Amino acid sequence: KKKKKKKQKMTVLITGATGLIGQEIVKQCHAEGIKVNYLTTSKSKLSTETNYKGFYWNPKENLIDHKCFEGVTTIINMVGASISKRWTDDYKKEILESRTKTAQLLSNTIKTHNYKIDQVVSASAIGIYPTSLVNYYEEDNTEVSESFLGKVVYQWEAAVDDFKALGCKVAKIRIGLVLAKDGGALPEIVKPIKYGAGAAFGSGKQWQSWIHVKDLASLFVFAVQNNFEGIYNGVAPNPVSNKELTKAAASVLKRPLILPNIPKFAMKLVLGEMHILLFESQRVSSQKTEAEGFHFKYANLRPALEDIL
């Protein structure tokens, strides 16, 4: 394992700290003795604990309390509207702008008030990789998916790259399918299985590059402690097909899988445009992340599901 390079008496600013992954990152920062400042759109919830301080912002109105940057050396940028809500035209705009405009507001504020931030570690997503049953994607792949999400991630990463002009090191972690108890895709995938009506989607051959939420949060903290720069895939070492994921979940839940695979058009009726989330195939490599010395607690799907389900 690599030695942790940074002094522990540090303060990070976390955006999206109350989200699924953000909450877990806060927990792990505190376990490592890292103080957390966080931004929130709700004025009523501003915590004032020494190691957990809240600051108000309203990105839609371009408002931010710039004191959030005081004493901060690193930003962990997790903010973004959930992609697992129906994609109306308005909501698609929200998915994009909740990522791009927030990054612009942060970098403009740092510039205006002359704060010195050393590093930005930002969320990104594997949705940038074109859907493929055969490709094995590493971070240096330059093709961008033509899908809505591909375009979103491309613009999101471009907005985050603007921090480089301020002299910050920028790291982007391309997140896969996050496995967690109370959010993300897993509860949705598992729901029909619990009722004995589970089945794979489409051919079931599409690759799903998953990661346990605890490993993902650890990776963000590790990226901060080890000064990551550049692109890293936030996926576990063993991607699975949708069929394998469905089978493993059914087996852990001790439920049968009886239905034939669920056709694409049926899911389109239920979910609208976001149904492509279930059919996209991205087989993504974790080698670069592992080469940095990061250790996955959940490298295999079954133990990850056993921990969560």
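Structure: see above.
Residues numbered from 1 in each chain as written. Predicted model: local features only at pLDDT ≥ 70, side-chain atom pairs only at ≥ 80, totals over all residues. Heavy atoms only, no water.

S.K.: Lay out the pattern of salt bridges in plain terms, naming residues and giving numbers.
M.R.: Counted under the stated rule, the structure contains 11 salt bridges. Here D161 makes a salt bridge to K172, at a shortest N to O gap of 2.7 Å. Highlighted residues: D161 in helix 3 (residues 148-161) and K172 in strand 8 (residues 169-175), separated in sequence by 11 residues. The class of D161 is partly exposed, set by a relative accessible area of 24%. Salt-bridge contacts for K191 lead to E188; the nearest nitrogen and oxygen are separated by 3.5 Å. Taken together, the residues K191 and E188, both in helix 4 (residues 186-194) and three residues apart, mark about one turn of the helix. Among the charged side chains, a salt-bridge network with shared partners connects D161, K164 and K172. (Salt bridge = Lys/Arg side-chain N within 4 Å of Asp/Glu carboxyl O. Helix = DSSP H or I, 4+ residues; strand = E, 2+ residues; numbered from the N terminus. Buried < 20%, exposed > 50% of the residue type's maximum accessible area, 1.4 Å probe, protein only.)

S.K.: Now, about the packing of aromatic side chains: what can you tell me, with residues and values included?
M.R.: Inspection of the entire model under this criterion finds nine aromatic pairs. Between F201 and F279, the ring centres sit 6.0 Å apart and the planes meet at 65°, which makes this aromatic pair edge-to-face. Taken together, the residues F201 in the loop between helix 4 and strand 10 (207-208) and F279 in helix 8 (residues 276-279) connect sequence positions 78 residues apart. Its relative accessible area of 7% is what places F201 among the buried residues. Looking at F279, the relative accessible area reads 13%, which means it is buried. One aromatic cluster in this structure is built from F222, F228, Y232, F294 and F296. Directly above the ring of W156 sits R99, whose terminal nitrogen or CZ lies 4.8 Å from the centroid. K288 extends its terminal NZ or CZ atom over the ring of Y232, reaching a point 4.4 Å from the ring centre. (Phe/Tyr/Trp six-rings, centres within 6.5 Å; stacked < 30°, edge-to-face > 60°. Lys NZ or Arg CZ within 6 Å of the ring centre and 35° of its normal.)

S.K.: Account for helix 4, with residues named and values stated.
M.R.: All buried positions along helix 4 are accounted for by L186, I189, V190 and I193. Buried positions in helix 4, seen along its axis, are confined to an arc of 90° and lie on one side of it. Contacts from the buried residues of helix 4 go to strand 9 (177-179), helix 6 (242-252) and helix 10 (301-308). G196, located one to two residues past helix 4, shows a positive phi value of around 75°. (Arc of directions from axis to C-beta. Contact = heavy atoms within 4.5 Å.)

S.K.: Tell me about the pairing of strand 1 (residues 11-15), and name the residues and values.
M.R.: If a strand is regular, its side chains alternate between the two faces of the sheet. Counting buried positions along strand 1 gives five out of five residues, so the element sits mostly inside the fold. Going residue by residue along strand 1, you find T11, L13 and T15 tucked away on one face and V12 and I14 tucked away on the opposite face as well. Crossover strand 1 to strand 2 (residues 35-40) through helix 1 (residues 20-31) is right-handed. Bridge count between strand 1 and strand 6 (residues 74-77): four bridges; the pairing is parallel. Counterpart to I14 in the pairing with strand 6 is I76. (Right-handed = clockwise from strand over helix to strand, strands pointing away. Pairing = 2+ DSSP bridges.)

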